[in-house]
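Results of the structural survey
Single-letter residue listing:
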Amino acid sequence: MTEDDRRTRLGDAPVDRRAFLGGTAAAGLAGLAGCTGDGDGDGGTEGPGTEGGSGTDDLESLGYGRERGELGGTPMSEMPDLEGELTVYSGRGEFLVGQLVSYIESLYDDFSLEIRYGGATDLVNQIVNEGEGTPADVFYSVNAGALGALADEGRTAALSDDLLGLVREEFHTDQWIGTSGRARSVPYNTNALSEGDLPDSVMEFPDLDAQLGWAPSYGSCQAFVTAMRIIEGEEATREWLNAIQEAGIESYPDEFVVSQAVADGEIDAGFTNHYYIQRVIEGREDPPIATTFTEGDAGAVFNVAGAAVVDQASDPTLAENFIRHLLSTEAQDYFAVRTFEYPLVEGVPPVGDLPSIDELDVPNIDLAQLSDLQATVDLMRDAGIDI
């Protein structure tokens, strides 16, 4: 397919998105089977702007449409052709990425793609248990923790330097590479609070005179608590967990529901990933919800979704080239426009009034450490939290 053909498919309609206050991050992970459902922090609740699935070859219908000249990165037309058969184990939900991967498959007549969706932790365990007989060529995860867990099992292949060079050093190891990012955030109801009412430190929220909400059984929330354990220590984290419960925090099944509850005025503020607020804003007419962020602490960790080549991949070069397509201009803009995530490729900005990644005040933490969920789950249960 020529570049003109692809441009015709992509379209160039402008994108209209309500802006929101920018911020910092922490998100998803899936270190532990049986503790968090799918543990993804990615799937479960389908919010506005996430409809879809497979079966389309038109990225215009996915939301892609910012002017091509405005965006950096490498377009798919300049990437190596994909030829052969590839099996991807995806810990990212089909309703979020199904249309994108179907579009990539549709570009190449001699390329066949099989996607097996599931919880990130379950898929890590499956690859490990399948051993040398695994059909998986690529593992696509919602979080760095699951990628690190698979690498720790020795089940990933080293990636080539030119692929790793597509993103910044902090968003890859030699075994996996980030494809999009997410920010930990604090949604708040603008009828109840102003931004100035909210503390800059997440450790001060138990003292806030406000009704708070969270989703403690959700992987993203447990990653946040894991980051607190790493940064503040276990005892300080235990004290915070006890204090936040004493303050009467409300529990919800996932973080999209938390954001909805904020917009409904059911609670005043909560703890979620940044894109859940965007989904609420996208789906309602001027909802009373805005976003603020803590600074340099556990409430400000930046995590990534990403991919790895499985050690038993039948064609490692094809697997790498598929991952390159997830880092193309089109795919990066898709993540910004359709899933409201942070693109990781330079020259493709996020949607809305978000700060750049460099403007985020994030703590210095190794994202791979967020795979250590067992101690976090034990601590939360010991503190009396129902997860």
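Residues numbered from 1 in each chain as written. Predicted model: local features only at pLDDT ≥ 70, side-chain atom pairs only at ≥ 80, totals over all residues. Heavy atoms only, no water.

1. Section: the environment of Asp-311
Positionally, Asp-311 belongs in the loop between strand 10 (302–309) and helix 10 (316–326). For the pair formed by Asp-311 and Gly-131, sequence separation is 180 residues and the distance between their alpha carbons is 9.7 Å. At 2.9 Å, the side chain of Asp-311 and the side chain of Arg-155 are in polar contact. Within polar-contact distance, the side chain of Asp-311 engages the side chain of Gln-312 at 3.3 Å. (Helix = DSSP H or I, 4+ residues; strand = E, 2+ residues; numbered from the N terminus. Polar contact = N/O pair within 3.5 Å; in protein donor to acceptor, adjacent residues only side chain to side chain.)

2. Describing the packing of aromatic side chains
Summed over the entire model, instances satisfying the criterion amount to 10 aromatic pairs. Summarising the aromatic geometry, the rings of Phe-205 and Phe-271 are spaced 5.4 Å apart at their centres and angled 65° between planes, so their arrangement reads as edge-to-face. Of the two residues, Phe-205 sits in the loop between strand 4 (177–189) and strand 5 (212–214) while Phe-271 sits in the loop between strand 7 (269–270) and strand 8 (272–273), which places them 66 residues apart along the sequence. Judged by its relative accessible area of 0%, Phe-205 falls in the buried class. (Phe/Tyr/Trp six-rings, centres within 6.5 Å; stacked < 30°, edge-to-face > 60°. Buried < 20%, exposed > 50% of the residue type's maximum accessible area, 1.4 Å probe, protein only.)

3. Here's the deal with a negative patch on the surface
On the surface, Glu-195, Asp-200, Glu-204, Asp-207, Glu-295 and Asp-361 cluster together into a negatively charged patch. Assignment of secondary structure puts Glu-195 in the loop between strand 4 and strand 5. (Patch = residues over 30% accessible without salt bridge, like charges linked within 9 Å, V, L, I, M, F, W, Y side chains within 5 Å. Areas by Shrake-Rupley, 256 points an atom, 1.4 Å probe, with all protein chains shown as cover. Salt bridge = Lys/Arg side-chain N within 4 Å of Asp/Glu carboxyl O. Lys, Arg positive; Asp, Glu negative; His and termini not counted. Charge placed at Lys NZ, Arg CZ, Asp CG, Glu CD.)

4. Description of the pairing of strand 2 (residues 111–117)
Working note: regular strand, side chains alternate between the two faces of the sheet. The pairing of strand 1 (residues 84–90) with strand 2 spans seven bridges and is parallel. What sits directly across from Val-88, in strand 2, is Ile-115. Taken together, strand 1, helix 2 (residues 94–106) and strand 2 constitute a β-α-β crossover, and its handedness is right-handed. (Pairing = 2+ DSSP bridges. Right-handed = clockwise from strand over helix to strand, strands pointing away.)

5. A closer look at the confidence of the model for the chain
With 82% of its residues at a pLDDT of 70 or more, the chain has an overall mean of 84. Here residues 1–41 is modelled with pLDDT under 50, and outside its nearest four sequence neighbours on either side it reaches 160 contacts, counting other chains as well. Within the model, the stretch residues 43–57 combines pLDDT values under 50 with 48 contacts to residues more than four positions away or in other chains. (pLDDT = per-residue confidence, 0-100. Contact = heavy atoms within 4.5 Å.)

6. Quick notes on the pairing of strand 9 (residues 289–292)
Here strand 9 shows no split at all, with Ile-289 and Thr-291 on one side and Ala-290 and Thr-292 on the other all buried. Bridge count between strand 4 and strand 9: four bridges; the pairing is antiparallel. Residue Val-186 lies in a different strand from strand 9, and its bridge partner there is Thr-292.

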